[in-house]
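Observations on the three-dimensional arrangement
Here is how the chains run, residue by residue.
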Amino acid sequence: MPEPQEPQAAATAPNSPDAGPAAGAAVPSQGAPVAVAVAEAGPAPGRPRSLWSDAWHDLRRRPSFVIPALIILLLLVIAVFPGWFTSASPRAADLTNHYLQKPQLTHFFSPEWLGYNQQGQSVYARIIYGTRASIVIGLSVTVLVMIFGSLVGMLAGYFGGWVDTVLSRLTDIFLGIPFLLGTMVILVSFDTRSEWTVTLALAFLGWTTIARVMRGSVIAVKQADYVAAARSLGAGTWRILMRHILPNAVAPVIVVGMVALGGYITAEAVLSFLGIGLSDPAISWGADINRAQERIRNAPHILLYPSILLSITILSFLMLGDAVRDALDPKLR
Amino acid sequence: MSIEMTKAEVPGVPLLEVRDLHVEFHTRDGAAKAVNGVSYTVDAGETLAVLGESGSGKSVTAQTIMGILDTPPGKVTGGQVLFRGEDLLTMSEQERRRVRGDKIAMIFQDALSALNPVLSVGYQLGELFRVHRGMSRREARAKAVELMDRVRIPAAKERVNDYPHQFSGGMRQRIMIAMALALEPDVIIADEPTTALDVTVQAQVMDLLAELQRDFHMGLILITHDLGVVADVADKIAVMYAGRIVENAPVHELYKRPAHPYTRGLLDSIPRLDHKGKELYAIKGLPPSLTAIPSGCAFNPRCTQARDVCRSEIPPLLDVTEPDGTPIGGRTSACHFWKETIHG
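With an unreviewed UniProt entry as reference, chain A is termed ABC transporter permease, source organism Streptomyces hoynatensis. UniProt, in the comment section headed Subcellular location (unreviewed entry), describes chain A in these words: "Cell membrane". One UniProt comment on chain A, placed under Sequence similarities (unreviewed entry), says "Belongs to the binding-protein-dependent transport system permease family."

Okay, here's the thing in structure tokens:
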């Protein structure tokens, strides 16, 4: 999607310093176009406000946006630089650190802080290093799904007729495949599963919702007078699609994408929990939770901490998606 | 033959001519005949007002000229749209796109919905120059400011980056006018340009439009249902009813002595000061459904003068003459009994 929201870039101007980190956090989860736009926003006071800058203005004073945004920003930093947060290696196994030892909850950020697992690995280091898998998979599935789903939905919605019939039935077929079961079937056929294998499997079955939302949105937008006006002034199909339809139709898709992001992280964890997500020795919350369940009665901390972090992450993305939806939907104001 | 080659005015060939146009819409109840053999011409510097109530086919005709009719469900079933003698309807989509905006432009009724809410007005104005003239962003923006000045938007330079919702209704309509004027087209179609505005602003916008039309020596097709708007600006009027033109007349002639019962009904429905306190006249009945247009004259069920021949024979456009038989220039009426109507 080649940055269709140009005015937004110009208009997201009133970036107060305190809102800065929140912007950064919102960026990657919104998918490509918004990322470009917000990143380019320079200081230009007094610039006019578009729908997007209105939304931004609204969002940055909402706790339900700022808090999850800050958490997500932190998670992103953890995912990129896990070494900043722990000195321990997540793979170093020392059986003298027995898993039945109680976590040293006062030793903040030390390897023994959250205790050790059955193999004498630091639970804290494991969850720090496990962040990357969740975030990377969640984000890349969302980006892929948004690009592909939007494309399919836009073509179906704009051209209608047999194009719509073919693409919509194709969407229906994919929608008919149960999401988790389908990805399981796909993933089982791979011997080793990297982050990319899991991402592609999830994206392969995940794009349908976006395509449907985009199709509906485009059908609504293409009947707008400004599309007829653009056509009556000689604009070509491509220009109409990219400049006039996409920017007006993309808001619901972004919202659905952000809410779905939490779902993709869950899906990754579930798959890893079932042992068909990332294959060893990849570090993933889901896989760790799986291994922890056999010791849940005498060492619940091994299960507890990755679960807490997983829940916080998913909740943050869901809340962020909700807040963005409220900001972009004028009817909910 | 390319458009460029015929750019000069060809004597004897009207600038824009609609010839016996038929348009249908496919609906569940069968074909809705929105336009049934409409013909009119516009020359450079001339204003034609197309008058009619909702559903009379005036906007559909305009959309067909512009080539922005939704097909399907719309379908042009016959006729020609000639621009400088060339039929637009048989052109390839690519050729047509070059005509749109550049040679023929359109002003929409509701400027708020006709401007893209997520793009600044400067961008939308500049887009025209970039698409049609291949200008750079910077040049296009400068042109946009120039145009906004031309349609008298105060502080155009500061407002060029504003978004449509930040302008008032009148200003938005001026921006629509600026967009239509941008490439100095030969013909402008204004589809109820003032309907969405309040009365004081209506006059300003109409004056601006008339002035610009004079300056650029354009042909203007003014589509409206408002007789008051028409009186000051139009040169000639075509009255439409149920997809047909029922009367053609120079503007003052039409007001003075209508030659069709429908036109007379419209004129009688205008509130007048000397009728204060009395009930306002209204044409009885409703416009016909376009899927079931009455046989004969489409107006016959509502007409006070209808006779048997009106229910069986479709009246063609007949030349209207003075009682002594001297022709009146440019006057036609599709009424079997135009003589009675005009001369009483």
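1. Quick notes on the overall build of chain B
Along its length, chain B carries 13 helices and 12 strands. In terms of overall size, chain B behaves like a compact globule, its C-alpha atoms giving a radius of gyration of 21 Å where 344 residues would be expected to give roughly 20 Å. Taking the principal axes of the C-alpha coordinates as reference, chain B spans close to 65 × 55 × 45 Å. When the 344 residues of chain B are sorted by exposure, 46% land in the buried category.

2. Structural notes on the pairing of strand 7 (residues 187-191) of chain B
Residues and elements named next belong to chain B. Where burial is concerned, most of strand 7 is hidden: five out of the five residues are buried. Residue alternation in strand 7 divides its side chains into two sets, Val187, Ile189 and Asp191 and Ile188 and Ala190, and both sets are buried. When strand 6 (residues 104-107) meets strand 7, the two strands line up parallel, connected through four bridges. Note on strand 7: the bridge partner recorded for isoleucine 104 is valine 187. Judged from the five bridges that link them, strand 7 and strand 8 (residues 219-224) form a sheet pairing that is parallel. Pairing of valine 187 across the sheet is with glycine 219, part of strand 8. In terms of handedness, the path from strand 7 via helix 8 (residues 199-216) over to strand 8 forms a crossover that is right-handed.

3. Things to note about the sheet that holds strand 8 of chain B
Sheets are built from strands that pair by backbone hydrogen bonding, the pairs being arranged parallel or antiparallel. Residue and element names in this part refer to chain B. Taken in spatial order, the eight strands line up as 6-7-8-3-9-10-12-11 in an open sheet, and their pairing is mixed. Sheet topology places strand 6 and strand 11 (318-321) at the edges, where each strand pairs with a single neighbour. Each strand axis lies, on average, 20° off the axis of its neighbour in the sheet, ignoring direction.

4. Quick look at the interface of chain A and chain B
Across the boundary between the two partners, chain A contributes 22 residues, which contact 28 residues of chain B. Of all the secondary structure elements, the ones that give two or more residues to the side of chain A that touches chain B are helix 1 (6-11), helix 10 (225-232) and helix 11 (237-273) of chain A. Per-element accounting of the side of chain A that touches chain B gives the leading share, six residues, to helix 10 of chain A. Partitioned by chemical class, the residues of the side of chain A that touches chain B number 11 nonpolar, six polar and five charged.

5. Looking at the packing of helix 9 (residues 195-222) of chain A against helix 11 of chain A
All names here are of chain A. Axis separation between helix 9 and helix 11 bottoms out at 9 Å; the angle between their running directions is 155°. On the basis of their axis angle, the class for helix 9 and helix 11 is roughly antiparallel. In this structure, helix 9 meets helix 11 at a crossing whose hand is right-handed. For the pair helix 9 and helix 11, contact is made by Val198, Leu202, Gly206, Thr209, Ile210, Val213, Met214, Ser217, Val218, Val221 and Lys222 and by Ile245, Asn248, Ala249, Pro252, Val253, Val256, Gly257, Ala260, Tyr264, Ala267, Glu268 and Leu271, respectively. Here the residues of the contact of helix 9 with helix 11 sort into 16 nonpolar, five polar and two charged.

6. Topic: the sheet that holds strand 2 (residues 30-42) of chain B
Residue and element names in this part refer to chain B. Read across the sheet, four strands follow the order 2-1-4-5 without closing on themselves; strand pairing throughout is antiparallel. Looking at strand neighbours, the two that pair on one side only are strand 2 and strand 5 (86-87), the edges of this open sheet. Inspection of the sheet shows strand 1 (residues 16-27) paired to strand 2 by 10 bridges, in the antiparallel sense. Note that in strand 2 the partner of phenylalanine 25 across the bridge is alanine 32.

7. Considering the UniProt feature "transmembrane region" (unreviewed entry) in chain A
Under the UniProt annotation, "transmembrane region" (unreviewed entry) lies at residues 65-85, 135-161, 173-190, 245-265 and 302-321 of chain A. Secondary structure within residues 173-190 of chain A divides into 78% helix and 0% strand; the distance between the first and last C-alpha atoms comes to 23 Å.

8. Comments concerning the environment of aspartate 288 of chain A
Positionally, aspartate 288 of chain A belongs in helix 12 (residues 285-292). Other than its neighbours up to four places away in sequence, aspartate 288 of chain A contacts Arg126, Gly130 and Pro306 of chain A.

9. A closer look at the nonpolar core
Counting 183 residues, the largest nonpolar core has Ala178, Ile189 and Ile221 of chain B as its most contacted members. At 19 residues, the largest contribution of residues to this core is made by helix 11 of chain A.

10. Some remarks on helix 11 of chain A
The terminal C-alpha atoms of helix 11 of chain A lie 47 Å apart, and with 37 residues this falls more than 12% below the ideal 54 Å at 1.5 Å per residue. Within helix 11 of chain A, the axis deviates most sharply at leucine 246 of chain A, by approximately 55°, and proline proline 247 of chain A lies no more than four positions further along.

11. Digging into the UniProt feature "domain: ABC transmembrane type-1" (unreviewed entry) in chain A
Residues given the UniProt feature "domain: ABC transmembrane type-1" (unreviewed entry) here are residues 131-321 of chain A. As a span, residues 131-321 of chain A carries 82% helix and 0% strand, and end to end its C-alpha atoms are 20 Å apart.

12. Considerations on the confidence of the model for chain B
Residues and elements named next belong to chain B. Across chain B, the average pLDDT comes to 83, with 97% of residues at 70 or higher. Confidence drops under a pLDDT of 50 for residues 1-7, and excluding neighbours within four residues, the segment shows eight contacts in the predicted structure. The ipTM for the predicted assembly is 0.72, set against a pTM of 0.72.

13. Details of unusual backbone geometry
Residue and element names in this part refer to chain B. We note that arginine 152 has phi near 60°; this positive angle belongs to a residue other than glycine. Residue position: arginine 152 is located in the loop between helix 5 (137-150) and helix 6 (156-159). C-beta crowding within 10 Å serves as the criterion here: with 13 such atoms nearby, arginine 152 is assigned to the partly exposed category. For alanine 242, which is not glycine, the phi torsion reads 50° and is therefore positive. For alanine 242, the position within the fold is in the loop between strand 9 (236-241) and strand 10 (244-250). Judged by the 24 C-beta atoms lying within 10 Å of it, alanine 242 falls in the buried class.

The rules behind the values
Residues numbered from 1 in each chain as written. Chains lettered and ligands numbered in written order. Predicted model: local features only at pLDDT ≥ 70, side-chain atom pairs only at ≥ 80, totals over all residues. UniProt positions renumbered as here; feature names shortened; annotations may be inferred. Helix = DSSP H or I, 4+ residues; strand = E, 2+ residues; numbered from the N terminus. Rg over C-alpha atoms; globule rule 2.2 N^0.38 Å. Buried ≥ 20, exposed ≤ 12 C-beta atoms within 10 Å, placed from the backbone. Pairing = 2+ DSSP bridges. Right-handed = clockwise from strand over helix to strand, strands pointing away. Axes fitted to C-alpha atoms, helices over the stretch in contact; angles between N-to-C directions. Contact = placed C-beta atoms within 7 Å. Nonpolar A, V, L, I, M, F, W, Y, C, P; charged D, E, K, R; others polar. Parallel < 35°, antiparallel > 145°, perpendicular 65-115°, else oblique. Left-handed = near helix turned anticlockwise from the far one by under 90°. Core = buried A, V, L, I, M, F, W, Y, C linked by C-beta atoms within 7 Å. Expected span 1.5 Å × (residues − 1). Bend = angle between axes of the 7 residues up to and from the residue. pLDDT = per-residue confidence, 0-100.

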